[in-house]
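# An overview of the molecular structure
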Amino acid sequence: MSFLVDGTVHGAEPRPGQCLRTFLRELGRLGVKKGCDAGDCGACTVHVDGEPVHSCLVPAFRAAGRTVTTIAGLAPAPGELHPVQRAFLEAGAFQCGFCTPGMIMTVAALDQAQRADLPRALKGSLCRCTGYASIADAVAGRSRIEREPGIGRSAPAPAGPDVVAGAARFTLDEVPPGLLHMKVLRSPHASAEIVAVDVAAAAALPGIVAVLTHADSPPHLFSTGRHEHPADDPPDTRVLDRVLRFAGQRVAAVVAESEAAAEAGCRAIAVTYRVLPAVLTPEEATRPGAPLVHPDRAGNVVAELHGHIGDVAAALAGADVVHEATYRSQRVQHAHLETHAATGWLDADGRLVVRTATQVPFLTRDALARLFDLSPDRVRVVAGRVGGGFGGKQEMLTEDLVALAVLRTGRPVRWELTRREQFTATTSRHAMAVTVALGAARDGTLAAIRMRVVSDTGAYGNHAPGVLHHGTNEVIGLYRCPNKQVDGYAVHTNTMPAGAFRGYGLSQTIFAMESAMDELARKLGLSPFELRRRNVVRPGDDMVSTSSSPHDVVFGSYGLDQCLALVEERLAGAAEAAPSPDWLVGDGMASAMIDTIPPRGHRAESRIRALPDGRYELRVGTAEFGNGATTTHAQIAAAVLGTSPDRVTVLQSDTDATAYDTGAYGSTGIVVAGTATLRAATELARMIAERAGPDRELPALEALGHADGSPRSVAFNVHGFRVAVHRRTGEIRILRSIHAADAGRVMNPAQCRGQVEGGVAQAIGAALYEDLRIGPDGRVETDAFR
Ligand code: FES
């Protein structure tokens, strides 16, 4: 067959059943991405005879004899950009950039009428990062980028030209020769023991290289959650375990010459299970005599915390007005468009190398070294460009099994999770039940706050203690009140584990606390804004009542009062009204405080070198997954060294090539690693100044900067919505959305704005649409974007 792809004729024979997406990637068109393989996300969009199609849905043979254009062939000539690519660059219309090639291909095919109705036109094109506002700006030809150098300027992302050209290399865009593929057989039961596994039939199939079971697993226990201190997460997980604690847990892995062979191998494994009683909710799990998810423990509560100041019971009894209610939040999946994936191999020296989608390359290296009894210098972990994380990639979910397969076979091995696996066998936001009791005087002054949090952490304890701690700390710290009590419990259930997710517990508890504050305001006859204004913390207050060391948290700046005023003013002045008498219109608001950086330490080092051509090379360990760290680090170094960001080359996220970094989460990519870069650049500037003169020699100059993220500081956010609700159908329309962020010193306004817009879009999803539902058998029922 003959295929015309990006102007070049290829004679090739697609495999039976092969889709156009995989066919094009095998032809080297790596800008064609996989986000779902179900036609939902649009990451694989290409043009066939000028029409945009989801290439995962098109059989490859159908493209024979037709004109196929991918992102690599969209530009009018080599080295140039298509106008839509230029517009995306100018608007900074991407964060991780994984959706960007498909999004650009979709937009490039829109006519004027379609461009005027973007929500409809982009229905089949998902972006999890941007919230679409910057994409709308790109389509409208609006720019967000500033060319002037300096901190506080919206400098463009260094990777921008590669991202819009589809040339940025994500995790799976590097393909070592001789690659094997891995697929995993997963538990159909929420709770079971493996009595026997018969792999003989699977091993005998053509193309099978290895079948791995619990008998092959290293004995060590670990946690998939990654922190600077490994003991922060309970070690309760094995690479492959005989005991299965949730439907979807790994049972066995098949390594084969092709994905299809590995899938066939999985189907041929015969497993005998002993099914055990399961507990699917915290209520069931905490009943006396409930089955234990981890029988080596005394109960199913994996972490708890208790703290109080004053006398809450007396204050509630004496309050003029009391409100108490329980608020429940559901599981939500991160849904980064790049699923978890890793490729591993042995280098020429026999060292283990893992290229993976991670926010924490150094912590992953150290975990792999411990797990396989290797010295850390025998392991290298590299993160290429990572296609979104939102906390989900602060876990080790693929690297351990890939490493086992590489060490067992001696060959390169790849494992890419399907979207279904991403929904059913990774992690989610913790579902929580939060009971809030508030007592206040008639004038609205808070007399008592009591909060009880029950967090469903699922089958394993990764991030359970940290999320519980963080989720209770700042939410109760936002309000000044002499009597506060918080009790929190993280409970195991036989369900998919929860884990780190943007906000790290606060999304759930803020929802509860702010809802309770609104109800209290209603009872008091006060506006929600006024009730907040009368009670929020102010500089000088002790902020964190449950923290063991409250004074490690400081006000970096204080703009909460301005945030409240701004949002109130813009909502009051909103002209949006009900579309018709069938609609009711209402305003809502919420406020939040978040302290940056994990409380138990975070380290970063930066190394910067002056190059002979007057440019600089900056090496940082922190990862780039759409958080904008690369751009900001270049800006920081450039500002200190008196140059422009484009003269600073940033190398990052490679444990061989960069200095240590705990990882990118909790704002640390800029707050901690950025400080290390600031210090390194400052030192280099001092060295350069010392050498100044006619005989100065720059090439040998190199400086190191270190930061440990202490003290931590807080940021504030206030958000207001005006919504219309249809009286009969319940349909909700958002008429106005206003966000005010007291973010401290904003390094790059366009990126800060993008983070806010993306966060708001995720919040709307969590509030109105997204629900990872567990069925009566413990399986995740909602296993696709649709
Ligand atoms: Fe769109 Fe990350 S930029 S998914």
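Computed from a predicted structure; not experimentally measured. (Residues numbered from 1 in each chain as written. Predicted model: local features only at pLDDT ≥ 70, side-chain atom pairs only at ≥ 80, totals over all residues. Heavy atoms only, no water.)

With that settled, consider the packing of helix 19 (residues 629-641) against helix 21 (residues 673-691). Between helix 19 and helix 21, the shortest axis-to-axis distance is 9 Å and the interhelical angle comes to 25 degrees. It follows that helix 19 is roughly parallel to helix 21 by the angle criterion. The crossing of helix 19 and helix 21 is right-handed. Along its contact with helix 19, which presents H633, I636, A637, V640 and L641, the element helix 21 presents A673, G674, T677, L678, A681, T682, L684, A685 and I688. Tallied by class, residues from the contact of helix 19 with helix 21 come to 10 nonpolar, 4 polar and no charged. (Axes fitted to C-alpha atoms, helices over the stretch in contact; angles between N-to-C directions. Helix = DSSP H or I, 4+ residues; strand = E, 2+ residues; numbered from the N terminus. Parallel < 35°, antiparallel > 145°, perpendicular 65-115°, else oblique. Left-handed = near helix turned anticlockwise from the far one by under 90°. Contact = heavy atoms within 4.5 Å. Nonpolar A, V, L, I, M, F, W, Y, C, P; charged D, E, K, R; others polar.)

Bringing the packing of aromatic side chains into the picture now. Applying the stated criterion across every chain, the model contains 9 aromatic pairs. Ring centres of F98 and F170 lie 5.1 Å apart, and the angle between their planes is 90 degrees; on these two criteria the pair is classed as edge-to-face. With F98 in the loop between helix 2 (83-91) and helix 3 (100-108) and F170 in the loop between helix 7 (160-165) and strand 6 (180-186), this residue pair connects regions lying 72 residues apart in the sequence. The buried category is assigned to F98, whose relative accessible area is 6%. With relative accessibility at 3%, the residue F170 sits in the buried group. An angle of 80 degrees between the planes, with centres 5.5 Å apart, marks the rings of F555 and Y558 as edge-to-face. Taken together, the ring pairs connect F555, Y558 and F716 into an aromatic cluster. We note R429 situated over the ring of F501; from NZ or CZ to the ring centre the distance is 4.0 Å. Against the face of Y660 rests R603, its NZ or CZ located 4.2 Å from the ring centre. (Phe/Tyr/Trp six-rings, centres within 6.5 Å; stacked < 30°, edge-to-face > 60°. Buried < 20%, exposed > 50% of the residue type's maximum accessible area, 1.4 Å probe, protein only. Lys NZ or Arg CZ within 6 Å of the ring centre and 35° of its normal.)

A few words on the environment of Q751. Following the sequence through the fold, Q751 ends up in helix 22 (residues 749-769). When the C-alpha atoms of Q751 and A314 are compared, they prove to be 47 Å apart, with 437 residues separating the residues in sequence. At a separation of 3.0 Å, a polar atom in the side chain of Q751 contacts the side chain of T631. (Polar contact = N/O pair within 3.5 Å; in protein donor to acceptor, adjacent residues only side chain to side chain.)

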